[in-house]
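# Notes for the structure review
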Amino acid sequence: MNNNLAGNLHFFCLNIGYFFKSLSLLQEAITHPSLTDKNYLNYQRLEFLSDKVLAIIIADFLIKKYPQDKEGDLSKKQAH
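Residues numbered from 1 in each chain as written. Predicted model: local features only at pLDDT ≥ 70, side-chain atom pairs only at ≥ 80, totals over all residues. Heavy atoms only, no water.

This part covers the packing of aromatic side chains. Ring pairs (aromatic) are described by centroid distance and by the angle formed between their planes. Counted under the stated rule, the structure contains one aromatic pair. With centroids separated by 4.8 Å and ring planes inclined at 80 degrees, the aromatic side chains of Y18 and F20 adopt a geometry described as edge-to-face. The aromatic ring of Y66 is capped on one face by K77, whose charged end is 4.1 Å from the ring centroid. (Phe/Tyr/Trp six-rings, centres within 6.5 Å; stacked < 30°, edge-to-face > 60°. Lys NZ or Arg CZ within 6 Å of the ring centre and 35° of its normal.)

Below, the structure is given as structure tokens:
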């Protein structure tokens, strides 16, 4: 990460009032795929991860809320 980019990310953090532990992860999280080439990461990997985390949270919620439902019924509820 170059100094100019690090400075811009630090300025961003100042403006939102929150400082991230990893500026490189912040850069990845806010980088659109159209702005990257092979050498830079973008938010798609994190989006993939967050989709899986949300699926686990929703599955846990549904299992607790509908303890008698079978897998097929829970799957329909999760898809909805």
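Its place among the elements puts E28 in helix 2 (residues 23-30). Using a relative accessible area of 6% as the deciding quantity, one classes E28 as buried. A polar atom in the side chain of E28 sits 3.1 Å from the side chain of R45. Setting aside chain neighbours within four positions, we find E28 in contact with L41, N42, Y43, R45 and L46. (Helix = DSSP H or I, 4+ residues; strand = E, 2+ residues; numbered from the N terminus. Buried < 20%, exposed > 50% of the residue type's maximum accessible area, 1.4 Å probe, protein only. Polar contact = N/O pair within 3.5 Å; in protein donor to acceptor, adjacent residues only side chain to side chain. Contact = heavy atoms within 4.5 Å.)

Between helix 1 (residues 3-16) and helix 2, whose axes approach to 11 Å, the crossing angle comes to 85 degrees. Considering the angle they form, helix 1 stands roughly perpendicular to helix 2. Here helix 1 contributes L5, A6, L9, F12 and C13 to the contact with helix 2, which in turn contributes L23, L26, Q27 and I30. Its residues placed into classes, the contact of helix 1 with helix 2 shows eight nonpolar, one polar and no charged. (Axes fitted to C-alpha atoms, helices over the stretch in contact; angles between N-to-C directions. Parallel < 35°, antiparallel > 145°, perpendicular 65-115°, else oblique. Nonpolar A, V, L, I, M, F, W, Y, C, P; charged D, E, K, R; others polar.)

A residue-level look at the protein finds 96% of positions with pLDDT of 70 or above and a mean pLDDT of 91. Taking the mean pLDDT of every element in the protein, the minimum, 88, falls on helix 1 and the maximum, 96, on helix 3 (residues 44-65). (pLDDT = per-residue confidence, 0-100.)

Where helix 3 contacts helix 4 (residues 71-79), the two axes come as close as 10 Å, and the packing angle between them is 125 degrees. By the angle class used here, helix 3 and helix 4 are oblique. The two elements helix 3 and helix 4 meet at a crossing, and its hand is right-handed. Every residue of helix 4 that contacts helix 3 at A55, I58, A59, L62 and I63 is listed here: L74, K77 and Q78. (Left-handed = near helix turned anticlockwise from the far one by under 90°.)

It is worth spelling out the pattern of salt bridges at this point. Under the definition given, this model contains three salt bridges. The salt bridge partner of D60 is K64, with a shortest N-O separation of 3.1 Å. On the criterion of helical spacing, the pair formed by D60 and K64 is a turn pair, its members being four residues apart in helix 3. Of the charged contacts, one joins K77 and D69 as a salt bridge, the two residues approaching to 2.3 Å between their closest N and O atoms. Note on K77: relative accessible area 34%, which makes it partly exposed. (Salt bridge = Lys/Arg side-chain N within 4 Å of Asp/Glu carboxyl O.)

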